[in-house]
Amino acid sequence: MILFHSMRAVSHLCPLYSPDLREIVFIIQSQSNYFHVTQAERQRADLLKQAHSLTENPPTVLLLHNLSDNEGDWSILPLLPYLSYSFGKNSSWIVFLEEETNVKMTKLVQVLAKFDKSKEWFLGKPLHDEESTIIHHYAFAENPSVFEYPDFAAAWALSIPLVVRLANKVRDEPLKSDFTIDLKHEVALYIWDNGKGPHLTAVPELCTEPEDSPQAQPCATTLSSEPPLCGEPVNNEDIFVAVKTCRKFHSERVPVIKKTWEKDALFLEYYSDHADPSIPTINLGVPNTERGHCGKTFAILQRFLSSTVPNTSWLLVVDDDTLISLPRLRVLLSCYDPSEPVCLGERYGYGLSQGGYSYITGGGGMVFSREAVVQLLDSGCKCYSNDAPDDMVLGMCLNALGLPVTHSPLFHQARPEDYARDFLAHQVPISFHKHWNIDPIAVFNKWLKDDLREKPSGGLNKSAKTEL
């Protein structure tokens, strides 16, 4: 039985028509941090400028983080009833863009004109898993490549008839999953609905090619060739690195860090349940737990604000099996203001459809500005037990304080093989996590090592085209 086809038969398409730009609603998947707002507003201005050169009737361009007070809107599905209510009668398409997605308006209109707007369509650039993966709950374990989901960086689109039906479904049936881990996969699963809904239709003109590459010629969407100009990378002395470990991993995991990325850190401490002077590790007086590690993480936050360690602008908290590029992190952090409460990493969600909260998943690395740590601890936020999940407790505290979690897709909670190859192809990743069934030093050398000493910081900027 064939579950999916990448393209629908031509007979499903309708004759070319030219949609009025007023029938298209663009939603930029923006975030409330100042840097991301600036990026999204620049993109919005570009879309409207292109539209005004084509017509006096511009499309609607919305910034996702402004649409409601529901912090979980980034997970898209809770937003569908609003989109159906607001645009269900007078629009034909909802087109979702990431901040770094460039749109060639004329070509995009021509692409949408190929599809019958009265039917249900889910359009995008397809990704698929090479092997079943934990981040997708081992879905389609027997043949993971059979299920396709959209690369959000290439833009993706829903026809209004599909939006209206999905909105009714969201209203009538509670969303099943408590966790939002990989949004693009989970949205595609929800739309497919065990085969009752449409599959993703591949649109070759939705691309993730750099905008100035020859391959981008036929594309309606591309990615920026250059990263945002945020200034020089932050200095090494501005980052304090905290590694969570325990006695049983001193000889197994810590040597990997020492052979890979430790040399790029100026200030780094290993925190354990056992003080080992040969590493050295520091015993914070918190017993080791098999899971959660909340007590240890909060002890790290308190130590960061104490006079015991250097006074730095940024705190990076990682696991002892996190692989990370500190030079790339320094480039990324140049885009953020440490005097603001910044909490940065790979964003997950818990119970977002029921008023839950977002959190930075710990394995990929959690980055906090000093101001964020001050506000977290001043709030009285604390663990309900030493083995509570530290990242989720922090997410609850940030939610209660009204502080945003800032997402970067360059941090990864899992291994490179757990992500679609085409997704990683347009990234310059900052971190991966876990040593399961891999050679972690080889993974670091392949994915995260830069010869920065041999080229100026602009060398990294040149390649770090992606999602900063």
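Residues numbered from 1 in each chain as written. Predicted model: local features only at pLDDT ≥ 70, side-chain atom pairs only at ≥ 80, totals over all residues. Heavy atoms only, no water.

- The protein is annotated in an unreviewed UniProt entry as Beta 3-glucosyltransferase a of Seriola lalandi dorsalis.

## Focus on helix α8 (residues 326–333)
Part 1: Extensive coverage of α8 is indicated by the burial of seven of its eight residues.
Part 2: All buried positions along α8 are accounted for by Leu326, Pro327, Arg328, Leu329, Val331, Leu332 and Leu333.
Part 3: The opening residue of α8, the one whose side-chain oxygen lies 3.2 Å from the backbone nitrogen of Arg328, is Ser325. (Buried < 20%, exposed > 50% of the residue type's maximum accessible area, 1.4 Å probe, protein only. Helix = DSSP H or I, 4+ residues; strand = E, 2+ residues; numbered from the N terminus. Polar contact = N/O pair within 3.5 Å; in protein donor to acceptor, adjacent residues only side chain to side chain.)

## Description of the UniProt feature "domain: Fringe-like glycosyltransferase" (unreviewed entry) in the protein
Part 1: Sequence positions flagged by UniProt for "domain: Fringe-like glycosyltransferase" (unreviewed entry) are, in local numbering, residues 89–168 and 233–438.
Part 2: Span residues 89–168 is 21% helix and 24% strand, its end C-alpha atoms 15 Å apart.
Part 3: Counted over residues 233–438, helix gives 25% and strand 21%. Its end C-alpha atoms are 31 Å apart. (UniProt positions renumbered as here; feature names shortened; annotations may be inferred.)

## What about the domain arrangement of the protein?
Part 1: The domain boundaries assigned to the protein delineate domain 1 (21–223) and domain 2 (236–448).
Part 2: In total, about 2,600 Å² of surface goes out of reach between domain 1 and domain 2, with carbon and sulfur atoms giving 53% of it.
Part 3: Linking domain 1 to domain 2 there are two salt bridges.
Part 4: Across the pair Arg415 and Glu131 runs a salt bridge whose closest N-O atoms are separated by 3.9 Å.
Part 5: Viewed at the interface, domain 2 and domain 1 are joined by eight residue pairs in polar contact (both at pLDDT 80 or more).
Part 6: Listed by contribution, the elements that provide at least two residues to the side of domain 1 that touches domain 2 are α1 (34–54) and β9 (179–180).
Part 7: The element that contributes the greatest number of residues to the side of domain 1 that touches domain 2 is α1, accounting for three residues.
Part 8: A class-by-class count of the residues in the side of domain 1 that touches domain 2 yields 13 nonpolar, eleven polar and six charged. (Domains from an automatic or database assignment. Buried area = accessible area lost by both parts, 1.4 Å probe. Salt bridge = Lys/Arg side-chain N within 4 Å of Asp/Glu carboxyl O. Nonpolar A, V, L, I, M, F, W, Y, C, P; charged D, E, K, R; others polar.)

## Considerations on the pairing of strand β3 (residues 93–97)
Part 1: Taken across its five residues, β3 has five buried, putting it largely inside the fold.
Part 2: Residues Trp93, Val95 and Leu97 of β3 are buried on one face, and the alternating residues Ile94 and Phe96, pointing to the opposite face, are buried as well.
Part 3: Sheet topology note: the strand β1 (residues 24–28)/β3 ladder contains five bridges and is parallel. Across the sheet, the residue bridging to Val25 is Ile94, located in β3.
Part 4: In this sheet, strand β8 (residues 156–159) lies alongside β3 in antiparallel orientation, the contact comprising four bridges. Its bridge partner being in β8, Val95 is matched across the sheet by Ala157. (Pairing = 2+ DSSP bridges.)

## So, the packing of aromatic side chains
Part 1: Enumeration according to the criterion identifies 16 aromatic pairs in this entry.
Part 2: Relative to Trp192, the ring of Phe140 lies with its centre 5.5 Å away and its plane at 55°, an arrangement referred to as tilted. Taken together, the residues span a long stretch of sequence, with Phe140 in the loop between β6 (126–127) and β7 (149–150) and Trp192 in helix α5 (residues 183–192) at a distance of 52 residues.
Part 3: By relative accessible area, Trp192 is classed as buried at 9%.
Part 4: Taking the centre distance of 6.4 Å and the plane angle of 45° together, the rings of Phe240 and Phe304 count as tilted. Of the two residues, Phe240 is situated in strand β13 (residues 239–244) and Phe304 in helix α7 (residues 294–304); the sequence distance between them amounts to 64 residues.
Part 5: Given the relative accessible area of 2%, Phe240 is considered buried.
Part 6: Since its relative accessible area comes to 1%, Phe304 is described here as buried. (Phe/Tyr/Trp six-rings, centres within 6.5 Å; stacked < 30°, edge-to-face > 60°.)

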